[in-house]
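Chain by chain, the residues run as shown.
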Amino acid sequence: FTAPELLATLDTEYRIENPGNNNNNNCDNAKRLLTIWNRKLGRSSIPVLGPVDMACLSGREETSRYFTELCGRKVQCVVASDYSIDNFSRSGDGD
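This section reports on the structure supplied with the text. (Residues numbered from 1 in each chain as written. Predicted model: local features only at pLDDT ≥ 70, side-chain atom pairs only at ≥ 80, totals over all residues. Heavy atoms only, no water.)

### Remarks on the pattern of salt bridges
- Tallying each qualifying case throughout the model produces four salt bridges.
- Among the ionic pairs, D11 bridges to R43, the shortest N-O distance being 2.9 Å. Highlighted residues: D11 in strand β1 (residues 10–17) and R43 in the loop between β2 (31–38) and β3 (49–53), separated in sequence by 32 residues.
- In this structure, E13 engages R15 in a salt bridge whose closest nitrogen and oxygen atoms are separated by 2.9 Å.
- When its relative accessible area of 33% is taken as the criterion, R15 is described as partly exposed.
- Within the structure, one salt-bridge network assembled from shared partners comprises D11, E13, R15, E17 and R43. (Salt bridge = Lys/Arg side-chain N within 4 Å of Asp/Glu carboxyl O. Helix = DSSP H or I, 4+ residues; strand = E, 2+ residues; numbered from the N terminus. Buried < 20%, exposed > 50% of the residue type's maximum accessible area, 1.4 Å probe, protein only.)

Here it is as structure tokens:
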């Protein structure tokens, strides 16, 4: 997501918490928490998003919805495991 004007209005925090038992809901073993605040209101205000666990599909979907609403264009959060080598070789860019 690269929209400098929109990103400049946000204050973000990303932290990784100790591994736990997050084997449900497509999560890995550590919580990867993203929290976003309105920069003008500061961190003492209620976050506009989160904290959401980016290690979970549900957290990535919630983040996608937030940024889609913010910018008015479809945004999808993905992780490297969402793609295989075949996806890149079939793109036609290197054939």
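From this point, things continue past the structure.
### Here we look at the side chain of T63
- Structurally, T63 is set in helix α2 (residues 57–71).
- Residue contacts for T63: discarding those within four places in its chain leaves L34, L49, V52, M54 and C77. (Contact = heavy atoms within 4.5 Å.)

### Thoughts on α2
- With 15 residues, α2 extends 21 Å from end C-alpha to end C-alpha; this agrees with the ideal 21 Å at 1.5 Å per step.
- Buried within α2 we find G59, R60, T63, S64, Y66 and F67. One side of α2 holds all its buried residues, which, seen down the axis, span an arc of 165°.
- Tucked inside the fold, the buried residues of α2 contact α1 (4–7), β1, β2 and β3. (Expected span 1.5 Å × (residues − 1). Arc of directions from axis to C-beta.)

### Let's talk about the nonpolar core
- If you look at the biggest cluster of nonpolar residues, it comprises nine residues: L10, L34, I36, L49, V52, M54, Y66, F67 and V75.
- Every element with two or more residues in this core is listed here: β2, β3 and α2.
- What V52 contacts, discounting residues up to four positions off in sequence, is R32, L33, L34, G59, E62 and T63. (Core = buried A, V, L, I, M, F, W, Y, C linked by side-chain atoms within 4.5 Å.)

### A word on the packing of aromatic side chains
- All told, the structure shown has one aromatic pair when counted by the stated rule.
- Ring plane angle 75° and centroid distance 5.2 Å describe the contact between Y66 and F67, whose orientation is recorded as edge-to-face. Residue Y66 shares its accessibility class with F67, and that shared class is buried. (Phe/Tyr/Trp six-rings, centres within 6.5 Å; stacked < 30°, edge-to-face > 60°.)

### Topic: unusual backbone geometry
- For the bond running from G50 to P51, omega is 5°, close enough to zero to count as cis.
- By secondary structure assignment, the location of P51 is in strand β3.

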